[in-house]
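# Examination of the molecular architecture
One letter stands for each residue in the lines below.
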Amino acid sequence: MSKRKISIEDIARKAGVSHSTVSRALRDSPLISSKVREEIKKLAQEMNYVPNAIAQSLQNQRTYTVGVVVTSIADPFFGELVEGIEQVARDAGLNVLLSASHGDFEQEIAAIENFHYRRVDGILVADSRISKHHTQQFTQFTVPTVLINIDTEAYSETFHSVAIDDRLGGILAVKHLIELGHTDIGYLGVGDGSKAAQQRQEGYQMALTQAGLPQNPDWVAILNKDSTTIKDIDIGKKMLPQLVEAGVTGIFCYNDMVAVGALLACKELSLSVPEDLSLVGFDNIALSNYVTPPLTTVSQRMVEMGNAAMTMLLELLAGKTGENVLLSPFLVTRSSTTTISKSKNLALAKLTVPRKGSRSVGIPR
């Protein structure tokens, strides 16, 4: 038989005071002297009193929890983002509930509705699939909500957001390859319909245009992604040979996991990175520094983004007006990129750049 929980009434009887006095003392009410507060708290601790969270939340109209919706709990990007959220939430005395949408808008809405049912104080949604067609559904929710890593320019009056400048990130990645002497630059992307996928590709195109370089459709490889059947790393492995056959010497990858997949494909094809092919990722997840070779990548500042989003949510909970935040990414140069002079000479010695109707040495079809 389970042991009965100690109640406020039990403490009141033991202390010889009223129920309301104990309740106020445990809530640090200034109506109770500091001496009495400390005596009651000490007695409560000795009696192993555990506060009733449900009763407290009904009384305070707060549950001291926030809901976080991410696309995938398996993606290292979201792990670091949630770490940043939890750092601020923990200091504020809040607990974090986590749910995954798997890139599906209906699952995203279902997760948000579930958080409302659980009476969370606020909600954070990462990589939301919201568009202008869905704004009415979101305006029905009354809990303060912050969107992470999504462009809300078209409906800034409805939503608050913290995002990274993905276009700038794409420009930085491709500009780095151009400065190394590369002119035949590919883009290895993920067709998941996200804002990040669209804007990083736009950054790739803008950098080539600004440099006066050609844009060859064969240098763009994008696989429409069904998140339930294929992972980013597998997309990199599957699509890399297509770009090698097209003759590129440098590739900007949608994210670090795609780049890791491209590295694995290069190993299978006996291609050396960066001597035969330069690769640039995006995100700067921890893994990018431990693969061989370590990845040159665009840092997305995930922990900082999580910090900023949670801080904004706290401001909204305090009744303040939060202003949208757009963070600037920066390039982290490692060993997966090198100058074209070295790259091209070695690549030509090992590969035949394919032409229409021909096959590349060592590249499977």
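Up top is the structure these notes are about.
Residues numbered from 1 in each chain as written. Predicted model: local features only at pLDDT ≥ 70, side-chain atom pairs only at ≥ 80, totals over all residues. Heavy atoms only, no water.

## A look at the overall build of the protein chain
Assigned secondary structure in the protein chain consists of 13 helices and 12 strands. Considering only contacts in the protein chain between residues 6 or more positions apart, those separated by 24 or more positions represent 71%. About 18,400 Å² of surface is accessible on the protein chain, with carbon and sulfur atoms providing 50% of the total. (Helix = DSSP H or I, 4+ residues; strand = E, 2+ residues; numbered from the N terminus. Contact = heavy atoms within 4.5 Å. Areas by Shrake-Rupley, 256 points an atom, 1.4 Å probe, with all protein chains shown as cover.)

## A look at the environment of Leu147
Relative to the assigned elements, Leu147 resides in strand β4 (residues 145–148). For Leu147, a relative accessible area of 0% puts it in the buried group. Counting along the chain gives 23 residues from Leu147 to Leu124, while the straight-line C-alpha distance between them is 5.8 Å. (Buried < 20%, exposed > 50% of the residue type's maximum accessible area, 1.4 Å probe, protein only.)

## Looking at the sheet that holds strand β6 (residues 185–191)
Here we have six strands laid out as an open sheet, ordered β7-β6-β8-β9-β10-β12, and mixed in their pairing. At either margin of the open sheet sits one strand with a lone partner, and together these are β7 (220–224) and β12 (330–332). The average angle at which neighbouring strand axes cross in this sheet is 20°, direction not considered. Examined bridge by bridge, strand β9 (residues 278–283) and strand β10 (residues 296–299) share four bridges and lie parallel to one another. Residue pairing across strands places Val280 opposite Thr296, the latter belonging to β10. This element, helix α9 (residues 195–210), spans β6, β7, β8 (250–253) and β9 of the sheet and lies at about 165° to β6. (Pairing = 2+ DSSP bridges. Axes fitted to C-alpha atoms, helices over the stretch in contact; angles between N-to-C directions.)

## Points about the environment of Ile109
Topologically, Ile109 is positioned in helix α6 (residues 105–117). Note: C-alpha distance between Ile109 and Ile130 (21 residues apart in sequence) is 9.5 Å.

## So, helix α2 (residues 19–26)
Looking at α2, one finds that the buried residues are Thr21, Val22, Ser23 and Ala25. Structurally, α2 contributes buried residues whose contacts are with α1 (8–15) and α3 (34–46). In the stretch just after α2, Asp28 is the one whose phi turns positive, near 55°.

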